[in-house]
Amino acid sequence: MRKAGISLADVRGQNRALLLRLILTGQCVTRGELSAQSGLSSMTVTNIAAELLHHGILDERPPEGAARSPGRTPMELCANAQGPVIGGIFVARDCLYGVVSDLSLHVLARAERKLGPEETEQTVLDAMEALARRLMEQTDRQMLGIGVSTAGVVDTASGELRFITEFYSVRALPIRAFLSERLGLPVFVYNDMQASGLAELYFGRGRAEPDFLYVGICSGIGAALVKDRALVDSCGEIGHMSIDFAGPRCACGSRGCLELYASTPSILRQLREECGRTFVSLPEAVAAAGEDAAAYAVLYQAARKLAVAISSYLNLMHVHMVVLGHDAYCLPQELVKSMERYAAGVCVGRYLPGRPLRFVQATFGADTPLLGAVCTVLEQIFQGRLSVLPEG
Ligand SMILES: [Zn+2]
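Sequence positions are assigned chain by chain, starting from 1 and proceeding in written order. Local features in this predicted model are restricted to residues whose pLDDT is 70 or higher, and side-chain atom pairs enter the listing and the counts only when it is 80 or higher, whereas totals over whole chains, interfaces and linings include all residues. Side-chain measures were taken over the full set of non-hydrogen atoms in the model, leaving aside hydrogen atoms and water.

### Brief notes about the overall build of the chain
Test applied: Starting at the N terminus, helices and strands are each numbered in turn, a helix being any DSSP run of H or I of at least four residues and a strand any DSSP run of E of at least two. In this description the radius of gyration comes from C-alpha coordinates, and the expected globular size is given by 2.2 Å times residues to the power 0.38. Each residue's exposure class comes from its accessible area (1.4 Å probe, protein chains only) as a fraction of the maximum for that residue type: buried when under 20%, exposed when over 50%, partly exposed otherwise. Throughout, a residue-residue contact means that at least one pair of heavy atoms, one from each residue, lies within 4.5 Å. Using a 1.4 Å probe, the Shrake-Rupley method yields the accessible areas, and only the shown protein chains count as cover for residues. Positive: Lys, Arg. Negative: Asp, Glu. His and the chain ends are not part of the count. Positions of charges follow a simple convention, taking NZ of Lys, CZ of Arg, CG of Asp or CD of Glu.
Across its full length, the chain carries twelve helices and 14 strands. Relative to a compact globule of 392 residues, whose C-alpha radius of gyration would be 21 Å, the chain shows 22 Å and is just as compact. By its C-alpha atoms, the chain is 65 × 50 × 50 Å across when sized along the principal axes. Here the chain holds 392 residues, and the buried ones make up 53% of them. In the chain, of all internal contacts separated by at least 6 residues, the share reaching a separation of at least 24 is 62%. A total of about 18,100 Å² of accessible surface is found on the chain, and carbon and sulfur atoms cover 53% of it. The averaged location of the 41 negative side-chain charges in the chain is 5 Å from the averaged location of its 37 positive side-chain charges.

### A look at the sheet that holds strand 6 (residues 143-150)
Operational definition: One bridge is not enough; two strands pair if DSSP finds at least two bridges between them. Under this scheme, a helix contributes an axis fitted over its contacting stretch, all axes are lines through C-alpha atoms, and angles between N-to-C directions fall in the 0 to 180 degree range.
Here five strands make up an open sheet; going across it, the order is 5-4-3-6-9 and the pairing mixed. With partners counted over all chains shown, the strands left at the sheet margins are strand 5 (107-114) and strand 9 (187-191), one partner each. For this sheet, the mean angle separating the axes of adjacent strands, direction not counted, is 20°. When strand 3 (residues 85-91) meets strand 6, the two strands line up parallel, connected through six bridges. By the bridge assignment, valine 85 is partnered in strand 6 with methionine 143. Where helix 6 (residues 192-203) meets the sheet, it contacts strand 3, strand 6 and strand 9, and its direction lies at approximately 105° from that of strand 9.

### Quick word on the coordination of the zinc ion
Formally: Here the coordinating atoms are restricted to nitrogen, oxygen and sulfur within 2.8 Å of the metal centre, or 3.2 Å for Na, K and Ca, and because water is not among them the sites may look incomplete. Geometry assignment treats four donors as tetrahedral when all angles are between 85 and 135 degrees, treats four as square planar and six as octahedral when opposite donors are over 155 degrees apart and all others between 65 and 115, and treats everything else as irregular.
Protein-derived ligands of the zinc ion are His240 (ND1), Cys250 (SG), Cys252 (SG) and Cys257 (SG), with the metal-ligand distances lying across 2.0 to 2.3 Å. Taken together, the four donor atoms surrounding the zinc ion define angles of 104 to 124° at the centre, an arrangement classified as tetrahedral. When the donors of the zinc ion are listed by position in the chain, the intervening gaps give H-x9-C-x1-C-x4-C. Of this pair, histidine 240 sits in the loop between strand 12 (230-231) and helix 7 (259-262) while cysteine 257 sits in the loop between strand 12 and helix 7, and the two are 17 residues apart along the sequence. Relative accessible area serves as the criterion here: at 28%, histidine 240 is assigned to the partly exposed category.

### Some remarks on the sheet that holds strand 10 (residues 212-217)
By definition, the strands of a sheet pair up through backbone hydrogen bonds, in either a parallel or an antiparallel sense. Overall, mixed pairing links the five strands, which are arranged 12-11-10-13-14 in an open sheet. Sheet topology places strand 12 and strand 14 (358-361) at the edges, where each strand pairs with a single neighbour. Bridge count for strand 10 against strand 13 (residues 321-326) is five bridges, and the pairing is parallel. Looking across to strand 13, one finds that isoleucine 217 is bridged to histidine 326.

### Side note on the packing of aromatic side chains
Under the convention used in this document: Here the aromatic set is Phe, Tyr and Trp, taking the six-membered ring for Trp, and pairing holds for ring centres within 6.5 Å; pairs whose planes are under 30 degrees apart are stacked, those over 60 apart are edge-to-face, and all others are tilted.
Scanning the entire structure with this criterion turns up three aromatic pairs. Both rings, one in phenylalanine 167 and one in tyrosine 168, keep their centres 5.3 Å apart while their planes meet at 45°; by these two values the pair is tilted. The class for phenylalanine 167 is buried, based on a relative accessible area of 1%. For tyrosine 168, a relative accessible area of 25% puts it in the partly exposed group. With a centroid separation of 4.9 Å and 75° between ring planes, the pair formed by tyrosine 202 and phenylalanine 382 is classed as edge-to-face. One end of the pair, tyrosine 202, is in helix 6; the other, phenylalanine 382, is in helix 12 (residues 368-382), and 180 residues separate them in sequence. The burial state of tyrosine 202 is the same as that of phenylalanine 382; both residues are buried.

Here it is in structure tokens:
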């Protein structure tokens with residue numbers, strides 16, 4: 001039975017998690033700032049900082065230019081350059097991308113493994129294990145865990161990919177059970193949109209904005225909602241929001257779903273059919289559309305449909321910022337602004353007080369879902385569910 005009470009150790013763990021979040025995401029660097037921001041006493045901050053320094057999680061350094069500053073300058077806390085690291089794997093449909101990162105999302109190493117047409121559940125799991133081992137070999141530092149961000153429907157609690165389409169013969173993968181047993185490390189698995197939302201929350205747009213909607217365009221279209229500086233556990237299948245009830249039939253069973261018009265494959269197909277132009281990626285198409293009015297018109301129509309669906313979403317969940325990511329990071333600024341103008345003109349939330357609606361591009365561009373994989377592990381640390389300290 002789950003205990004209702006909170007022990008002193010629990011409280012200390014939660015305080016440690018809060019201070020780690022403030023330090024590792026760069027929001028606070030001195031003990032004074034930490035105390036002011038967290039509301040914890042100076043004594044508590046000093047004790048927890050001492051513990052984290054002792055275990056080599058944090059380091060401290062004089063601020064830049066301190067030698068010239070008169071008087072005693074407070075030391076700045078930061079991730080220890082020899083401290084633990086995190087592995088991240090992004091499961092895209094054609095490739096596994098891997099990264100080793102420190103606890104402040106600085107990339108230390110990368111690796112990738114292409115996937116081929118003959119993949120099965122077992123070969124994909126084996127490829128993930130091989131990639132994770134390559135990541136582990138690229139660092140001498142302790143790896144705290146592996147985060148996985150993947151397309152498809154994910155049960156985050158069990159770490160299973162429950163359903164995925166257009167992924168060779170693979171329909172589901174027991175990712176956590178397989179990898180944690182093989183690697184002997186904690187493994188966390190999130191949908192790639194949710195993982196990208198975490199990257200923006202902790203290291204991107206979320207540092208200044210407590211509420212936002214991340215929308216990613218790729219082989220489908222998905223979303224992740226952040227409210228009050230926390231990822232909302234929701235489905236986020238904005239790609240299956242219908243924008244035309246008389247439209248073509250979608251694989252989900254509905255008609256006129258957004259991703260039939262504005263996913264990467266559907267945009268590339270329209271460019272082929274309407275402009276006779278063949279591109280292998282959305283960034284390539286966007287670059288060419290600057291010189292091709294017909295191609296630009298296709299992009300404009302897709303962006304307008306995206307704006308219609310996002311506006312419907314914003315009428316249900318009121319936020320002031322929409323972050324466009326995955327392939328949408330590359331949309332031209334004037335298209336992003338035209339989507340913003342459209343949504344600002346039709347969303348009923350415009351009658352509520354607050355800041356104006358903004359549409360912006362993802363902070364980390366194409367890397368967002370991969371860095372998001374790292375952030376699924378940081379999420380456990382920042383929520384006090386994974387300890388950075390040795391056991392005992
Ligand atoms: Zn659909």
